[in-house]
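Here is how the chains run, residue by residue.
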Amino acid sequence: MKKRNWKRLMACVLCATLISPSATTLAATEEIALEVTENEEFSVSFEEKYPEVGKALHVKAAGLAEGESCSYTWKVDGKTVGQGDSYTPTAGDLEKFISVTVQTTGGKTMEHSAYFSKLPVVYIDTNNVPIVDKENYIKGSMTIQGNAKFNASNILYDGAMEMRGRGNSSWEAPKKPYRVKLGSKANLLGMGKNKHWTLLANYYDSSLSRNKLSYDFSGELGLTYMSSENVILILNNQYQGVYQLCEHIRVDEGRIDITNWESIAEDTAEIIAEANPDIDGGDLEDYMVENMAWITEKKFTFEGTSYDLADYGIELPDIDGGYLMELDKNQDEVSNFYSKYNQPLMFKSPEFVKTNTDMMKYVKGYVDAFEDAIRTPDGYTTYQGEAVHYTELYDMDALAAYFLVTELFFNIDGMKKSTYLHKDNGELMKMGPIWDMDWSAGGPYDQGTDNRWQVLFYDDEMVSDQWYRSIIGDPYFAYRVKSLYDEYRDSIGEFTATGGRIDQNVAYMQEAGKKNDSKWTSQVRGFLADSEMLKGWMNKRISWMDQQMESVDSLLASWGEFRANQEDGEIVRIEKITSEENALNIQVQTSSQELVGFYINGLKYGEEKAVDGKVQLTLPLEQIKESGAQELFVVVRTVNQGVVCTDYQSAEAELPEVTETPAPKPTETEAPKPTETEEPKPTETEAPKPTETEAPKPTETEAPEPTESVITVFTDVYDDWYTEYVQYVYDNGLMTG
């Protein structure tokens, strides 16, 4: 059973100390400090946080007897370079171990070393136990040594961790990638507090930059993305090369911040276990995480006893959100399904969602509706009894951004594997985060792809039906992609500009990259050669994409999936669009006898039949589901026995403010829909834990009693403090049991 009560007890003790400090408490603390000082052992360390070129590195010896003195021997990669209590590193010492051996007149000898790099250095010690698989965590400790950019103590780490292998094809490479789970949440290198991290090896990317460049750019475009920083990994005192310390993709605060059904299961189990002392809370938690039918049934049976959530005042979110999925042909997760058009989707969270038929049915129905919509002439399908456009099911910003990153870098795995998507309550489905880009952008398996579209390049069974192949026939999608490209064209140019992103990466990592080459000599290219190759490839790619993006017409023609007017002579053409007197007027010429549909930013606003080859629609601006100054993209379309005729044009308009329409939700038979007044009751475990900056600030008249909710706040704010404090007490033999 997880020791939740112990943690809460420690929070209570801390609260009592902070709220009502006493002389006795302070005196006890002082006595502990004095006792530790009196028994201080001989130790050696550096006074500086990290080595720097041209700045003296001073040695500090502690635990010396009175009158005892020291002598010092400094070495760089085993070669003696000096004596004395300091050494000044040179540029030639970069990417080497700097060590000092201290010998005392009392016969004590100790060595201390640090790896010298421009990059942060991650030291991991597993007591020489090897990491041999992806299933079993090996316990150990981790320390992060900062650098000129990352040196504040609150973004470094020195504590317990567990480590195992990760990846599919990357795990088979000589340079192994790892998954790291910290002993407590930490804000590693300023990327946000979390326990879960990855160390990506980037063995197939000699430039060591494709992942980070693409991840960061996707974040610029507004996609949810995983922050990362390049570091040196020293595992059990052995140099392992340059690694990418990266956030682990997971549903969590600061990561994929959506409803977390697994946390809800844990919290629900805790509430019920506390009310029923005979239950093993850990066993109940495991049961509820792995058997999720209770989410929609609102009750369950555990060890022969039935439990009703209503009896405990537990109310749950709707099942229309809280899903993180991966489109991946490996299908190696517990819960997975194939969509209507054979796309292999699997759940990263909740892992055991397959145990809830309603939730699986909801997600598959939602994805199938999206696939139906993108395959119709106008992007509409029927979902839950209503006509919906694909942009009312899937976030258009995310669709366009994901497409642009995939194409800019020509991600060969795009829409085939490592393709993530997620959906939260009341929101549309979204693409992201971007992942596994180390083979992209002219990587080792490039097939001359700098002047081709990734979406059209592959023809195997799975990607032949991939979603973007249908979407690129929509003029509105082309308009959105071109608009996004134009908006970020200057930023895109920074990849290859002199002194730009790739050049900055080379300048920062040149020594580290060369050392990584020497460790992993079997790599296809070296760091400098591959960085130069990447810059050249990106130059050609951007130049080619500039040509395709000259206009919506040129982009649609480049994709080759759009048909404006068919060869039988039937036409539909926008003659004029005006915006005046709070209305949009669209005038169209057509030879069709069919109804003409009018679409604005993807959505259908009406249809009219032509009279003498002319038709028009006058639409009050207040009816358009946009707001503010907008460039509206207007499409007119006729469909006659499968023959589609289309024209499009953009127009400026000043629109009144409107309220956004939420994403479609499940029907009542799939899950109850709570209204605003039916929000889940704020129980102790359901309340979201505020960060330090989010902690409630009560006024003098609103000072809260030191109840369980206050303790929860202190648990979050002082999590790292009391964890380190307890470890300190145990390490120094001040408490047992």
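Residues numbered from 1 in each chain as written. Predicted model: local features only at pLDDT ≥ 70, side-chain atom pairs only at ≥ 80, totals over all residues. Heavy atoms only, no water.

1. Digging into the overall build of the chain
Across its full length, the chain carries 17 helices and 30 strands. A buried classification covers 50% of the 737 residues belonging to the chain. Of the contacts made within the chain by residues no fewer than 6 positions apart, 64% connect residues no fewer than 24 positions apart. For the chain, the exposed area adds up to about 34200 Å²; of that, 47% sits on carbon and sulfur atoms. (Helix = DSSP H or I, 4+ residues; strand = E, 2+ residues; numbered from the N terminus. Buried < 20%, exposed > 50% of the residue type's maximum accessible area, 1.4 Å probe, protein only. Contact = heavy atoms within 4.5 Å. Areas by Shrake-Rupley, 256 points an atom, 1.4 Å probe, with all protein chains shown as cover.)

2. A few points about the sheet that holds strand S25 (residues 583–590)
The strand order across the open sheet built from 3 strands is S24-S25-S28, with neighbouring strands paired in antiparallel fashion. On the outer flanks of this sheet lie strand S24 (572–580) and strand S28 (614–620), each paired with one strand and no other. Here the strands of the sheet are splayed against their neighbours by 15 degrees on average, with no regard to which way each runs. (Pairing = 2+ DSSP bridges. Axes fitted to C-alpha atoms, helices over the stretch in contact; angles between N-to-C directions.)

3. Here we look at the pairing of strand S15 (residues 299–302)
Within a regular strand, the side chains alternate between the two sheet faces. Burial along S15 is one-sided: Phe-300 and Phe-302 are buried, while Lys-299 and Thr-301, pointing the other way, are not. Pairing between S15 and strand S16 (residues 305–308): 4 bridges, direction antiparallel. If you follow Phe-302 over to S16, its bridge partner there is Thr-305.

4. So, helix H8 (residues 396–408)
In this model, H8 (13 residues) spans 18 Å end to end at C-alpha, consistent with the 18 Å of a helix rising 1.5 Å per residue. The buried count for H8 comes to 12 of 13 residues, which makes it a mostly enclosed element. For H8, the set of buried residues is Met-396, Ala-398, Leu-399, Ala-400, Ala-401, Tyr-402, Phe-403, Leu-404, Val-405, Thr-406, Glu-407 and Leu-408. Measuring from the backbone nitrogen of Asp-397 back to the side-chain oxygen at the start of H8 gives 3.1 Å, which picks out Asp-395 as the cap. Where H8 ends, the next residue or the one after it, Phe-410, has phi of about 45 degrees, a positive value. (Expected span 1.5 Å × (residues − 1). Polar contact = N/O pair within 3.5 Å; in protein donor to acceptor, adjacent residues only side chain to side chain.)

5. Quick notes on helix H4 (residues 261–275)
Between the first and last C-alpha of H4 there are 21 Å, a value that for 15 residues agrees with the 21 Å anticipated at 1.5 Å per step. Burial in H4 covers these residues: Trp-261, Ile-264, Ala-265, Asp-267, Thr-268, Ala-269, Glu-270, Ile-271, Ile-272 and Ala-273. One side-chain oxygen at the N-terminal end of H4 lies 3.2 Å from the backbone nitrogen of Glu-262; it belongs to Asn-260.

6. So, the packing of aromatic side chains
Given two aromatic rings, one states the distance between the centres and the angle between the planes to describe the pair. Inspection of the entire model under this criterion finds 40 aromatic pairs. Taking the centre distance of 5.9 Å and the plane angle of 50 degrees together, the rings of Tyr-362 and Tyr-366 count as tilted. One end of the pair is Tyr-362 and the other is Tyr-366, both in helix H7 (residues 357–374) and 4 residues apart, which spans about a single turn. You'll find Tyr-362 and Tyr-366 in the same group, each marked buried. Here the aromatic cluster, defined as three or more aromatic residues joined through ring pairs, consists of Tyr-323, Phe-337, Phe-347, Tyr-362, Tyr-366 and Tyr-383. Here the guanidinium or amino end of Arg-255 rests over the ring plane of Trp-197, the centre of that ring lying 4.7 Å away. Lying across the ring of Tyr-341, Arg-375 places its NZ or CZ 3.8 Å from the centre. (Phe/Tyr/Trp six-rings, centres within 6.5 Å; stacked < 30°, edge-to-face > 60°. Lys NZ or Arg CZ within 6 Å of the ring centre and 35° of its normal.)

7. Here's the deal with the packing of helix H14 (residues 527–548) against helix H15 (residues 552–559)
H15 packs onto H14 with a crossing angle of 110 degrees between their chain directions and a minimal axis gap of 7 Å. Considering the angle they form, H14 stands roughly perpendicular to H15. Of the residues in H15, those in contact with Trp-544, Gln-547 and Gln-548 of H14 are Ser-554, Leu-555 and Ser-558. The residue makeup of the contact of H14 with H15, split by class, is 2 nonpolar, 4 polar and no charged. (Parallel < 35°, antiparallel > 145°, perpendicular 65-115°, else oblique. Nonpolar A, V, L, I, M, F, W, Y, C, P; charged D, E, K, R; others polar.)

8. A few points about a negative patch on the surface
Taken together, the side chains of Asp-280, Asp-283, Asp-286, Glu-290 and Glu-303 make up a negatively charged region of the molecular surface. Inspection of the secondary structure puts Asp-286 in helix H5 (residues 281–290). You can call Asp-286 partly exposed: its relative accessible area is 43%. (Patch = residues over 30% accessible without salt bridge, like charges linked within 9 Å, V, L, I, M, F, W, Y side chains within 5 Å. Salt bridge = Lys/Arg side-chain N within 4 Å of Asp/Glu carboxyl O. Lys, Arg positive; Asp, Glu negative; His and termini not counted. Charge placed at Lys NZ, Arg CZ, Asp CG, Glu CD.)

9. Observations regarding unusual backbone geometry
The step from Ser-349 to Pro-350 runs through a cis peptide bond, and the omega angle for that step is -5 degrees. With respect to the helices and strands, the residue Pro-350 is situated in the loop between strand S19 (344–349) and H7. The omega torsion across Gly-432 and Pro-433 is 5 degrees, close enough to zero to call that bond cis. On the secondary structure map, Pro-433 appears in the loop between strand S23 (430–431) and helix H9 (454–457). The backbone of Leu-189 shows a phi angle near 50 degrees, a positive value even though the residue is not glycine. Of note, Leu-189 is situated in the loop between strand S11 (178–187) and strand S12 (193–200). Despite not being glycine, Asn-342 shows a phi value in the positive range, around 65 degrees. If you trace the backbone, Asn-342 turns up in the loop between strand S18 (336–338) and S19. Take Asn-342: its relative accessible area is 30%, and that puts it in the partly exposed class.

10. Overview of the sheet that holds strand S17 (residues 323–327)
Reading across the sheet, the 5 strands line up as S18-S19-S17-S22-S23 and stay open at both edges, with antiparallel pairing between neighbours. Looking along the sheet, the strands with just one partner apiece sit at the ends: S18 and S23. Two strands pair when backbone bridges link them, and strand S22 (residues 419–423) and S23 are joined in this way by 2 bridges, in the antiparallel orientation. Counterpart to Leu-421 in the pairing with S23 is Met-431. Packing against the sheet, H7 makes contact with S17, S18, S19 and S22, and its axis sits at approximately 35 degrees to S18.

11. What about the pairing of strand S4 (residues 79–83)?
Pairing analysis gives 4 bridges linking strand S3 (residues 70–76) to S4, with the strands arranged antiparallel. Within S4, the position partnered with Trp-74 by the bridge is Gly-82. From the end of S3 to the start of S4, which pair antiparallel, there are 2 residues, and Asp-77 there has a positive phi angle of about 50 degrees.

12. Section: empty space enclosed by the protein
Taken as a whole and judged by the stated rule, the model has 2 cavities of 30 Å³ or more. There is about 40 Å³ of room inside the largest cavity. Tallied by class, the residues present in the lining of the largest cavity amount to 3 nonpolar, 2 polar and 3 charged. Taken as a whole, the second largest cavity holds about 30 Å³ of empty space. Along its surface, the second largest cavity is lined by Gly-414, Gln-454, Val-455, Tyr-458, Val-463, Gln-466 and Arg-469. Residue composition of the lining of the second largest cavity, by class: 3 nonpolar, 3 polar and 1 charged. (1 Å grid on protein atoms, 1.4 Å probe; cavity = no way out; pocket = protein on both sides within 12 Å on 5 of 7 lines; lining within 4 Å. Points joined across faces, edges and corners; volume = space filled by probe spheres on them.)

13. Considerations on the environment of Leu-316
Along the chain, Leu-316 falls in the loop between S16 and S17. Separated by 55 residues in the primary sequence, Leu-316 and Trp-261 have C-alpha atoms spaced 9.5 Å apart.

14. Focus: the side chain of Asn-356
Mapped onto the secondary structure, Asn-356 falls in the loop between S19 and H7. A distance of 3.0 Å separates a polar atom in the side chain of Asn-356 from the backbone nitrogen of Asp-358. Not counting residues up to four positions away in its chain, the partners in contact with Asn-356 are Met-292, Ala-293, Ile-295 and Thr-296.

15. A look at the packing of helix H11 (residues 475–487) against H15
The relative placement of two packed helices comes down to the angle between their axes together with the axis-to-axis distance. Put simply, H11 and H15 touch, their axes get as near as 9 Å, and they point 115 degrees apart. Taken together, the axes of H11 and H15 lie roughly perpendicular to each other. In this structure, H11 meets H15 at a crossing whose hand is right-handed. In this structure, H11 contributes Pro-475, Phe-477, Ala-478, Tyr-479, Val-481 and Lys-482 to the contact, and H15 contributes Val-552, Leu-555, Leu-556 and Trp-559. Of the residues contributing to the contact of H11 with H15, the split by class is 9 nonpolar, no polar and 1 charged. (Left-handed = near helix turned anticlockwise from the far one by under 90°.)

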